[in-house]
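# Breakdown of the fold
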Amino acid sequence: MSNHQEARLLVHLLREGRDYYTFARDEVHDAEISRLFARAEMARRGLLDALVNSRLLYQASATLPVEALGTNTGYAHLQAQFDPYHSELQAPALLDREQRVLALIRHVFEVDDCEQLRTVLKAHYSSFAACAASLHVLAQRQLAAA
């Protein structure tokens, strides 16, 4: 992967996001939001697995230790604040992170000349875009209720 820092950030966001959405999916008390979290977790798991299977990344394990990203970037802070009865309150922050992941996927796709990586990113982009669209609806709903 070229542009090493941004590719590392993308992988880090994918791992932290996967862990957050796995946790949130199991904790949330709203079935619709649980399904959304499950789709977001599967999108991350799918891309990480594809990167490992293509030998572009060597581990996608949830047990791989990684430092938590910053409060406004990563998911650890959101997980610590998670309210299973009002998970929609995190929708704007989750949408922001989803948009950041989409932007990183696009950027790495544009700057990296590895055709195998570009193929993997292209194959998984739509699942992230769909999650972002669903999070946008949830965020709008939460903002309207406020």
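Just so you know, these numbers come straight off a predicted model, no measurement behind them. (Residues numbered from 1 in each chain as written. Predicted model: local features only at pLDDT ≥ 70, side-chain atom pairs only at ≥ 80, totals over all residues. Heavy atoms only, no water.)

So, about the packing of aromatic side chains. Overall, the coordinates contain 8 aromatic pairs when judged by the stated rule. Taking the centre distance of 5.1 Å and the plane angle of 80° together, the rings of Y20 and Y21 count as edge-to-face. Across the pair, exposure class does not vary: Y20 and Y21 are buried alike. Here the aromatic rings of Y20 and F82 are separated by 6.3 Å at their centres, their planes lie at 80°, and the arrangement is edge-to-face. Taken together, the residues span a long stretch of sequence, with Y20 in helix α1 (residues 4-27) and F82 in the loop between α3 (76-81) and α4 (91-111) at a distance of 62 residues. Residue Y20 shares its accessibility class with F82, and that shared class is buried. Aromatic ring contacts, followed pair by pair, group Y20, Y21, F23, F37, Y75 and F82 into a single cluster. The lysine or arginine in question, R118, covers the ring of F109, its NZ or CZ lying 4.0 Å from the ring centre. (Phe/Tyr/Trp six-rings, centres within 6.5 Å; stacked < 30°, edge-to-face > 60°. Buried < 20%, exposed > 50% of the residue type's maximum accessible area, 1.4 Å probe, protein only. Helix = DSSP H or I, 4+ residues; strand = E, 2+ residues; numbered from the N terminus. Lys NZ or Arg CZ within 6 Å of the ring centre and 35° of its normal.)

That's the geometry; what it means functionally is another story.
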